[in-house]
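Close look at the chain arrangement
Now for the letters of each chain:
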Amino acid sequence: DAGVIQSPRHEVTEMGQEVTLRCKPISGHDYLFWYRQTMMRGLELLIYFNNNVPIDDSGMPEDRFSAKMPNASFSTLKIQPSEPRDSAVYFCASSLSRALPFFGPGTRLTVL
Amino acid sequence: TQLLEQSPQFLSIQEGENLTVYCNSSSVFSSLQWYRQEPGEGPVLLVTVVTGGEVKKLKRLTFQFGDARKDSSLHITAAQPGDTGLYLCAGAGGTSYGKLTFGQGTILTVHP
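Residues numbered from 1 in each chain as written. Chains lettered and ligands numbered in written order. Predicted model: local features only at pLDDT ≥ 70, side-chain atom pairs only at ≥ 80, totals over all residues. Heavy atoms only, no water.

Helices and strands together make up the secondary structure of chain B, namely zero helices and eleven strands. Secondary structure of chain B in N-to-C order comes out as β-β-β-β-β-β-β-β-β-β-β. Against the compact-globule benchmark of 13 Å for 112 residues, chain B has a radius of gyration of 13 Å, which places it among compact chains. Considering only C-alpha atoms, chain B reaches an extent of 45 × 30 × 20 Å along its principal axes. For chain B, the residues scored as buried account for 46% of the 112 residues in total. (Helix = DSSP H or I, 4+ residues; strand = E, 2+ residues; numbered from the N terminus. Rg over C-alpha atoms; globule rule 2.2 N^0.38 Å. Buried < 20%, exposed > 50% of the residue type's maximum accessible area, 1.4 Å probe, protein only.)

Right, dumping it as structure tokens:
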């Protein structure tokens, strides 16, 4: 069984560059979540979708962050322009209906 | 904003010792989850507790939900090196169980 798939697993970029993180949820799941994990703030919910529609984006830190879900099997989280303080591990998670989510392996982002 | 305070942040013990991790909140959650996370991976669900006073056991791990559903504890008996990892508590509320509020985590190291 394929779990949540995230790519890339590691991303190193320079400040000011655009970064796009990708996620493929578990097939059949109708909820998709983007979380960010840092040493200082722990795991925080950024945004979540239900049936491809953004439901709550109150955790998105600023306008530099955007997320899309064009179809049920793909989502992106984009940071433009990136800043060093965006360095973190970004997790995508998906769930069926209101069940607890399964997390992907994460993308470790380093912004120099 | 609902917050979860987890303690201790770090725990370093010898194989065979017992330990307890605490998770406290000023708010009531509809359910509380415990996750374990290993380096380079996403959090993996260990248990969900829903009812006040509930106790669940998973081999050497015992989970308890406080009567008021605001606090929880994880007790490990006779810890083993394989128990080493980051332990996270997370509260669920609202319309989706995927909208989780996480504690800061406890980094457990069990030395052989």
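Moving on, we come to the interface of chain B and chain A. In this complex, chain B contributes 19 residues to the contact, which on the side of chain A involves 21 residues. With both chains or domains summed, chain B and chain A bury close to 1,600 Å², and 55% of this area falls on carbon and sulfur atoms. Our enumeration of links across chain B and chain A arrives at one salt bridge. One salt bridge in this structure joins K99(B) and D56(A), with 2.5 Å as the shortest N-O distance. Linking chain B with chain A are six residue pairs in polar contact (both at pLDDT 80 or more), by the criterion used here. Those elements that place two or more of their residues in the side of chain B that touches chain A are β4 (31–37), β5 (44–49), β9 (85–92) and β10 (100–102) of chain B. Residue contributions to the side of chain B that touches chain A peak at three residues, all from β4(B). (Contact = heavy atoms within 4.5 Å. Buried area = accessible area lost by both parts, 1.4 Å probe. Salt bridge = Lys/Arg side-chain N within 4 Å of Asp/Glu carboxyl O. Polar contact = N/O pair within 3.5 Å; in protein donor to acceptor, adjacent residues only side chain to side chain.)

What links the strands of a sheet is backbone hydrogen bonding, and the strands pair in either a parallel or an antiparallel sense. Residue and element names in this part refer to chain B. Spatial ordering of the open sheet is given by β1-β3-β8-β7-β6, a layout of five strands whose pairing is antiparallel. Among the strands making up the open sheet, the edge pair consists of β1 (4–7) and β6 (55–58). Direction aside, neighbouring strands of the sheet carry axes that sit 15 degrees apart on average. Looking at chain direction, β6 and strand β7 (residues 61–65) are connected through four bridges and run antiparallel. (Pairing = 2+ DSSP bridges. Axes fitted to C-alpha atoms, helices over the stretch in contact; angles between N-to-C directions.)

In this structure the tally under the stated criterion is ten aromatic pairs over all chains. On the basis of an interplanar angle of 85 degrees and a centroid distance of 5.9 Å, the ring pair of F103(A) and Y35(B) is categorised as edge-to-face. With F103(A) in strand β10 (residues 102–103) and Y35(B) in strand β4, this pair bridges two chains. Judged by centre distance (5.6 Å) and plane angle (50 degrees), the ring pair of Y35(B) and F102(B) falls under tilted. With Y35(B) in strand β4 and F102(B) in strand β10, the pair connects residues that are 67 residues apart, well separated along the chain. (Phe/Tyr/Trp six-rings, centres within 6.5 Å; stacked < 30°, edge-to-face > 60°.)

In this section: the pattern of salt bridges. Residues and elements named next belong to chain A. Throughout the structure, instances matching the rule amount to twelve salt bridges over all chains. With its nearest N and O atoms 2.7 Å apart, the salt bridge here joins E44 to R41. On the basis of relative accessible area, E44 is assigned to the buried category, the value being 19%. With a closest N to O distance of 2.9 Å, R64 and E62 form a salt bridge. Classification of R64 as buried rests on a relative accessible area of 9%. Taken together, the shared-partner salt bridges connect E62, R64, E83, R85 and D86 into one network.

Another aspect to go through is the state of the cysteines. Residues and elements named next belong to chain B. In total, this model carries two disulfides over all chains according to the counting rule given. Here C23 pairs with C89 through a disulfide, and the sulfurs are 2.0 Å apart. Between C23 and C89, the disulfide has an S-S torsion of 75 degrees and is therefore right-handed. With C23 in strand β3 (residues 19–25) and C89 in strand β9, this residue pair connects regions lying 66 residues apart in the sequence. Judged by its relative accessible area of 0%, C23 is buried. (Disulfide = S-S within 2.5 Å.)

Residues and elements named next belong to chain B. Side chains T106, L108 and V110 of strand β11 (residues 106–111) all project onto a buried face; the interleaved residues I107, T109 and H111 project onto a face where none is buried. In terms of strand pairing, strand β2 (residues 10–14) meets β11 through five bridges, oriented parallel. What sits directly across from S12, in β11, is T109. Direction of pairing for β9 relative to β11: antiparallel, over a ladder of three bridges. Looking across to β11, one finds that G85 is bridged to L108.

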